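# Observations on the model geometry
These are the residues of each chain, in order.
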Amino acid sequence: MSDIKQQIFQELAVLDDMVARLRSTATNAGRQTDLEVAILTEQVRALRDKNARAADMVEQSISILKKLK
């Protein structure tokens, strides 16, 4: 009977270890996703700024060309 109890406790210990690993993996995946979102958000912000500056330059160029007519 004690052998069965010992085996049950060993299997529970293995399961506990596996659960801890899965939780760690899930936590790390969540952190990586948060980091990726932060990086992409910053890249989008930079692209919007560049786009706005480019649009201003195009408007200025059109204005200069109209004045030269």
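Residues numbered from 1 in each chain as written. Predicted model: local features only at pLDDT ≥ 70, side-chain atom pairs only at ≥ 80, totals over all residues. Heavy atoms only, no water.

Moving on to the overall build of the chain. In terms of regular secondary structure, the chain is built from one helix and zero strands. For 69 residues, the compact-globule estimate of 2.2 N^0.38 gives 11 Å, and the chain exceeds it by more than 25% at 30 Å. Projected onto its principal axes, the C-alpha coordinates of the chain cover approximately 100 × 10 × 5 Å. Counting every position in the chain, which comprises 69 residues, the buried fraction comes to 0%. If you sum the accessible surface of the chain, you get close to 6,700 Å²; carbon and sulfur atoms cover 60% of it. When the 11 basic and 10 acidic side-chain charges of the chain are each reduced to a single mean position, those positions are 14 Å apart. (Helix = DSSP H or I, 4+ residues; strand = E, 2+ residues; numbered from the N terminus. Rg over C-alpha atoms; globule rule 2.2 N^0.38 Å. Buried < 20%, exposed > 50% of the residue type's maximum accessible area, 1.4 Å probe, protein only. Areas by Shrake-Rupley, 256 points an atom, 1.4 Å probe, with all protein chains shown as cover. Lys, Arg positive; Asp, Glu negative; His and termini not counted. Charge placed at Lys NZ, Arg CZ, Asp CG, Glu CD.)

Another aspect to go through is the pattern of salt bridges. Should the charged atoms of two oppositely charged side chains come close, the side chains can pair. All told, the structure shown has two salt bridges when counted by the stated rule. Arg-21 serves as the salt-bridge partner of Asp-17, at 3.0 Å between the closest nitrogen and oxygen. Of the two residues, Asp-17 and Arg-21 both sit in helix H1 (residues 2-68), four residues apart, roughly one turn of that helix. The class of Asp-17 is partly exposed, set by a relative accessible area of 36%. Glu-42 serves as the salt-bridge partner of Arg-45, at 2.8 Å between the closest nitrogen and oxygen. With Arg-45 and Glu-42 both in helix H1 and three residues apart, this pair spans about one turn of that helix. With a relative accessible area of 44%, Arg-45 lands in the partly exposed category. (Salt bridge = Lys/Arg side-chain N within 4 Å of Asp/Glu carboxyl O.)

Position of Asp-49 relative to the elements: it lies in helix H1. Overall, the relative accessible area of 42% leaves Asp-49 in the partly exposed class. In sequence terms Asp-49 and Ser-61 are twelve residues apart; their C-alpha atoms lie 18 Å from each other.

Judged by side-chain polarity, Met-1, Ile-4, Ile-8, Phe-9, Leu-12, Val-14, Leu-15 and Met-18 come together as a nonpolar surface patch covering roughly 860 Å² of accessible area. Take Leu-12: its relative accessible area is 47%, and that puts it in the partly exposed class. (Patch = residues over 30% accessible without salt bridge, like charges linked within 9 Å, V, L, I, M, F, W, Y side chains within 5 Å.)

Moving on: the environment of Ala-29. Structurally, the position occupied by Ala-29 is in helix H1. Overall, the relative accessible area of 42% leaves Ala-29 in the partly exposed class. C-alpha separation for the pair Ala-29 and Asp-3, spaced 26 residues apart in sequence, amounts to 39 Å.

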